[in-house]
Amino acid sequence: MQTTARSRNREQQILDVASRHLNTMGVSVEWFGEIAAELGLTRPAIYKYFVDREDLLFRCYADACDAVDARLDAAIRSTSGIVEALSAFLASDDAAGPEPAVLSEMMALPPEKRDLIWSRQRAIVERLSKLIQAGIAANLFRPLDPVVVSHAILGMASWTPIYGRWAPGANLDLIDVGSREILFQGLAADRSASPAKLAPFAPLAAPQADIFNRQAVDAAKREGILIAASFQFNRRGIGATRMEDVAAALGLSKRAIYHHIGQKQDLIDACVERAYAYFLGVMEAAELSDAPRLAVIYAAVRDIVWAASEPTVCVLAPHVGFGLLSVGEREAVGDYALQLADGYRRILERGVAEGSLRPIPIDAVVASLPGVFSWAANSPEQTPEVRMHIADQLATLATHGLCVGD
């Protein structure tokens, strides 16, 4: 019995370390070696507990689902109201404990195991949806799509470890505060007013080129590769996506990708650069807009959600896989994160001053806002109508919140 207990303890240690590595590196080829090195084990020792990489990934995700279920159970048991239960669920009072894996690379699993994790995730979403539906029925919540809101809540609940990697030095304690501010109250001063629907701030279009202009053709091919790679990275995960997957999606050979972009490291870095160029473009256009800041925030969230999920123009969504960036790109991302935080801080401050946004803890909102839509790029492929519906619902959630009253 003692041996069994020790074995279970070691198995859980491996799962804890593997989950943390997943949130940094995604499913990398060095995964087993890195886990073994951290725990002072040999690689063969890990195979005593897990059949292969897919088995370990599945167990990490199953363990994460167990943790989310337990967190939701505890939140419901410890409170007497719907708002209080959702607030308790978002609170990261277990921050000192092991870091559960973020469910972001399920496409790397074989179909039968993927379906099991998806079914676990759907069950959690259904539990949250029932709480939201009850809140709508009691006239506590506005009639937003309960499934979309439930996914947003899960995204916010798992945003802290992701944000800590992409925004080094950030105060992660602010995320709990900002998440609850956004989820329940939104940012609008007058939450009965609908924001004006602005045109996209930084429009994206599928690449096209004059076939008689060689440079334009090469640029269009390069952009097409980055779009396809970003879409694969968002759906499958950066670590789990192979060059072969990108090439197959485009009907090209790997040689063509090497010619236009380079090796996988070059492809990852180029997708990140393209994404941040877009995010900064949205922010800069939002700052220059003469529209009320309420409409500006709505449009910025809508545009980013759409751009990260639309396959014809897809941009990479910062999620798991930060550790796979080159050293130089990691440093650049830190600078980009600061620029974005500063820009959105100015936008929010102006909104409060003009009266379209309510007084809010601005730094907390800046830190937590991406968590509202971080999950959207990782969703299964959907129709254009569904993608726009999700973008609209998330933008409405961010600006107007879930609660009807003050």
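To be clear, the structure that these remarks concern was listed above.
Enquirer: Before we go on, may I ask you to explain helix α10 (residues 214–236) in this structure?
Expert: In an α-helix there are 3.6 residues to a turn, and that puts residues three or four apart on one side. Between the first and last C-alpha of α10 there are 33 Å, a value that for 23 residues agrees with the 33 Å anticipated at 1.5 Å per step. Immediately beyond the C-terminal end of α10, within one or two residues, lies Gly 237, with a positive phi of roughly 100°.

Enquirer: Please explain empty space enclosed by the protein as it appears in this structure.
Expert: Rolling a probe over the atoms, with the probe sized like a water molecule, indicates the empty space that remains. Evaluation of the coordinates by the stated rule reveals 4 cavities of 30 Å³ or more. In this model, the largest cavity occupies a volume close to 550 Å³. Around the largest cavity, the lining comprises 27 residues; the ones closest to its centre are Trp 159, Ile 304, Leu 340, Pro 370 and Phe 373. Elements with a contribution of two residues or more to the lining of the largest cavity: α8 (159–166), α13 (264–288), α14 (293–309), α15 (327–354) and α16 (362–373).

Enquirer: Explain the packing of α13 against α14 here, please?
Expert: For any two helices packed against each other, the geometry comes down to the angle between their axes and how far apart the axes lie. Relative orientation of the contacting elements α13 and α14 amounts to 160°, with a least axis distance of 10 Å. Considering their axes alone, α13 and α14 lie roughly antiparallel with respect to each other. Here the hand of the crossing between α13 and α14 comes out right-handed. Along the contact surface, α13 presents Tyr 278, Phe 279, Val 282, Ala 286 and Glu 287, while α14 presents Arg 293, Val 296, Ala 300, Asp 303, Ile 304 and Ala 307. Residue classes in the contact of α13 with α14 are distributed as 8 nonpolar, no polar and 3 charged.

The rules behind these values
- Residues numbered from 1 in each chain as written.
- Predicted model: local features only at pLDDT ≥ 70, side-chain atom pairs only at ≥ 80, totals over all residues.
- Heavy atoms only, no water.
- Helix = DSSP H or I, 4+ residues; strand = E, 2+ residues; numbered from the N terminus.
- Expected span 1.5 Å × (residues − 1).
- 1 Å grid on protein atoms, 1.4 Å probe; cavity = no way out; pocket = protein on both sides within 12 Å on 5 of 7 lines; lining within 4 Å.
- Points joined across faces, edges and corners; volume = space filled by probe spheres on them.
- Axes fitted to C-alpha atoms, helices over the stretch in contact; angles between N-to-C directions.
- Parallel < 35°, antiparallel > 145°, perpendicular 65-115°, else oblique.
- Left-handed = near helix turned anticlockwise from the far one by under 90°.
- Contact = heavy atoms within 4.5 Å.
- Nonpolar A, V, L, I, M, F, W, Y, C, P; charged D, E, K, R; others polar.

On their own, these measurements won't tell you what the molecule is for.
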